[in-house]
Amino acid sequence: MKGDNIYEPIKAKVLEVIDESPTIKSFVLEPERQFYFKTGQFIEVALDGIGEAPFTPSSSPLVTNQLEVTVMKTGYVTEKMHQMKGGETVGIRGPFGRGYPLEKLYDKEVLVLGGGCGFAPLRSLLYNLEAEQEKVQKVTFCYGSKNPQECIYEPYINELRQYKKFEVMRTVDEADETWTEEVGVATVLLDKIDVNIDNSVAVVVGPPIMMKFSVQKLLEMGYTDQKIYLSMEKNMSCAVGKCGHCMMGEYFVCKDGPVFRYDEIKDKPDIWK
Amino acid sequence: MLTQIHIFFILLCENYNNIMNNYHSISRQEWEKALSHLINNYHIYAPVPWGETQDYERIDDDSISDIIYNRPKPATPLKTFFLPIRENVVNTEKSDKKRIIMGIPSCDLSGINIFDEMYLDDAFVDPTYKKKREDSILIGTDCHTTQENCHCTTYGIKPYPMKNHDLTLSLSGDTIYLQTHSAKGETLIEEIEKITTLQDPTENEIQEIVDTREKVEEELNTKNRDLPNYRVTGDLINSSEDEIWKKYSETCVSCGACATICPTCTCFLLLEKPGFEKVRHLDACQYPGFEKVAAGEDPLEELYKRFRNRYMCKYVWKPKKFESIACTGCGRCIEACIGNINKNELFLELANK
Ligand code: SF4
Ligand code: FES
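Keep in mind that this is a model prediction, so the values were computed, not measured.

Colleague: If you had to explain the site of ligand 1 to someone new, which residues and values would you point to?
Modeller: Surveying the vicinity of ligand 1 reveals the residues P72, K73, P105, S106, C107, C143, T146, C150, C152, L220, G329 and C330 of chain B. Across the shell around ligand 1, the residue classes tally to eight nonpolar, three polar and one charged.

Written out as structure tokens, the structure reads:
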């Protein structure tokens, strides 16, 4: 944070804009100074005079001179972001909140389940796990998307498939003639995976409906509440536990989350909305 | 060797001495003279008549004699001094003078607790709030009368200042009694002593202040004896069914008056101003879309859920997370509601089920 003001962003230059899909773009940002975050923590990106929105960086937390956010066009701020071409200056505040519990993943068979743009925050986790491969048993990454055009990070998928400890499975709701992998909603992949559930921890990020059905399925498969982690998306404004917009029961998602263990939140009202 | 019990007694005696010594008295006329001097160095705010009601105004020489003493309560809560309707939180306004805020009822002073806990939280100190707190001298007031909906004592708050005040003020006949509670308060007393002479009240006079306090407290206890206390209210709300919220929200129009006027509602919205500045606006979970996300999901889409949310927040969730209570029993939300919704009727109905 610049000076002492939690509301004042530091500046970052947009170095590059990458088209990931018809609705998703990535923005490579160069902050005015080194920027540290833990995987799963989020930042606020401010467009000057326009608005601010929260994003979990999709880049590696081990890189500190640049960071990347991957943004789906869903609202006013994201629409304006999609009009950027590179060279612009944005503001960033953060990092905020509690990220993925890396230490809980060590020595485990990690199941990573992503839906749609939920791959973005998970890519940062995958980068982190890739760098620490020796610490985990294996990583199974299941990714579901609407259609082949909306499948993001193709090159990274291919890279991950090279690693012995990584298994990658993908599915789309609607396939076309080019598609050679699974077809159906993200949870169909769970029938195909080969993990030792007793020694596994699952991390799920995606649209609410996808997270809801994934959790149901994981519980049926034998995962306990304590072994499922979710990254929650809520309306946010301040990101520092004051404005109240992100409240979910007694939690401030911005501060206590965004990553929660399922048993922490399962009784809170309307968690899938 | 000093045992813990000894130390306890010493502290107790010291406290007691303090209580005896920290009273000062002054005639109303001399007090007004002192205020007129202090206006040169401070911005002084105090409750003055506002038609049928009263509210805080910046005091000048002409309005000093209009100040209302010991009669609750200003229409707006104390929080508006620290969380104004709108303010730039990056390019902050610099004030040339510190503020003295007078006439603050105990409920409003206690309402600041939750703000201090949230806004001065170690991890993220809110700089604008902190500065405003530091630059304000708070003069609390003993409530000598009560309003129809006052129910502070139900939630453990006395009708005389308990916390966050630098001085307490009590007017009896034509004499003003001041009691100091902090270093800031003492400094102000010293300043007043440079302008005029302060007296030491007699034991009888002090006893009279204490008696009045107890009388008003008793009055409130009697008046509100059927209302469930803070904790019980939380339990009742937590285990309630949807029906009662649907029933009581029938006349709610989502205007947010209850939250705006509430001394403990802390929510706001940040808006961007060119130059990477941020303007903070008071906000309320009663407005549609408060929790809506860009992708469209909205946990508080239905009106009755928004209506219930405010009570869940105050009596169930905030108590799980914070020490400070999130309802002070000031009754303003009852008076402000254009739909005539009375939360205490709702709680009594829950309690009697
Ligand atoms: S609620 Fe209590 S403290 Fe507040 S104005 Fe009424 S009597 Fe005074
Ligand atoms: S975003 Fe403001 S409290 Fe969480």
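There is more to say, and it comes next.
Colleague: Run through unusual backbone geometry, naming residues and quoting values.
Modeller: Residue and element names in this part refer to chain A. In this structure, P258 follows G257 across a cis peptide bond, with omega equal to 5°. Relative to the elements of secondary structure, P258 occurs in the loop between α6 (253-256) and β15 (259-261). In this model, D107 sits at a positive phi of 65°, which is unusual for a non-glycine residue. Of note, D107 is situated in the loop between α2 (102-105) and β7 (109-115). Overall, D107 belongs to the exposed group, its relative accessible area being 52%. Unlike most non-glycine residues, Y153 shows phi in positive territory, near 60°. In this structure, Y153 sits in the loop between β8 (138-145) and α4 (154-160). Residue Y153 is classed as buried on the basis of its relative accessible area of 3%.

Colleague: Tell me what's going on with the side chain of N344 of chain B, and back it up with residues and numbers.
Modeller: Residues and elements named next belong to chain B. By the secondary structure assignment, N344 is in helix α12 (residues 343-351). A relative accessible area of 10% means that N344 is categorised as buried. A distance of 3.1 Å separates a polar atom in the side chain of N344 from a polar atom in the side chain of K343. Not counting residues within four places of it along the chain, the set of residues in contact with N344 comprises H151, Y155, L227 and I334.

Colleague: Describe the nonpolar core, naming the residues involved and giving the relevant values.
Modeller: Ranked by internal contacts, the top residues of the largest apolar core, which has 85 residues, are Y7, L230 and M232 of chain A together with L78 and I237 of chain B. The greatest single-element share of this core, amounting to eight residues, is contributed by helix α10 (residues 303-321) of chain B. In this view, I237 of chain B contacts W245, Y311, M312, Y315, V316, F347 and L350 of chain B; residues no more than four positions away in its chain are not counted. F119, L122, L125 and C151 of chain A belong to the second largest nonpolar core, which has 32 residues in total.

Colleague: Describe the domain arrangement of chain A, and please don't skip the residues or the numbers.
Modeller: Residue and element names in this part refer to chain A. On domain assignment, one finds that chain A holds domain 1 (10-95) and domain 2 (102-231). Averaged C-alpha coordinates put domain 1 and domain 2 at centres separated by 23 Å. At the junction of the two partners, domain 1 supplies 20 residues and domain 2 supplies 15 residues. In this assembly, domain 1 packs against domain 2 so that about 1,300 Å² is buried in total across both faces, 57% of it on carbon and sulfur atoms. The largest contributions to the domain 1 side of the interface with domain 2 come from E20, T39 and S58, which together make up 35% of the buried area. The interface formed by domain 1 and domain 2 includes one salt bridge.

Colleague: Account for the interface of chain A and chain B, naming residues and giving values.
Modeller: Each partner contributes residues to the interface: chain A has 44 residues there, and chain B has 39 residues. Taking both partners together, chain A and chain B bury about 3,400 Å²; carbon and sulfur atoms supply 63% of that area. For chain A, the biggest contributors to the area lost against chain B are Y7, K242 and H245 of chain A; these three give 21% of the whole. If you look at where chain A meets chain B, you find five salt bridges. As a salt-bridge pair, D256 of chain A and K321 of chain B come within 2.7 Å of each other at their nearest N and O atoms. Seen at the junction of chain A and chain B, the total is 17 residue pairs in polar contact (both at pLDDT 80 or more). Among the secondary structure elements, those contributing two or more residues to the side of chain A that touches chain B are β3 (42-47), β4 (51-55), β6 (89-96) and α6 of chain A. For the side of chain A that touches chain B, the per-class residue count stands at 16 nonpolar, 13 polar and 15 charged.

Cut-offs and rules
- Residues numbered from 1 in each chain as written.
- Chains lettered and ligands numbered in written order.
- Predicted model: local features only at pLDDT ≥ 70, side-chain atom pairs only at ≥ 80, totals over all residues.
- Heavy atoms only, no water.
- Near = heavy atom within 4 Å.
- Nonpolar A, V, L, I, M, F, W, Y, C, P; charged D, E, K, R; others polar.
- Helix = DSSP H or I, 4+ residues; strand = E, 2+ residues; numbered from the N terminus.
- Buried < 20%, exposed > 50% of the residue type's maximum accessible area, 1.4 Å probe, protein only.
- Polar contact = N/O pair within 3.5 Å; in protein donor to acceptor, adjacent residues only side chain to side chain.
- Contact = heavy atoms within 4.5 Å.
- Core = buried A, V, L, I, M, F, W, Y, C linked by side-chain atoms within 4.5 Å.
- Domains from an automatic or database assignment.
- Buried area = accessible area lost by both parts, 1.4 Å probe.
- Salt bridge = Lys/Arg side-chain N within 4 Å of Asp/Glu carboxyl O.

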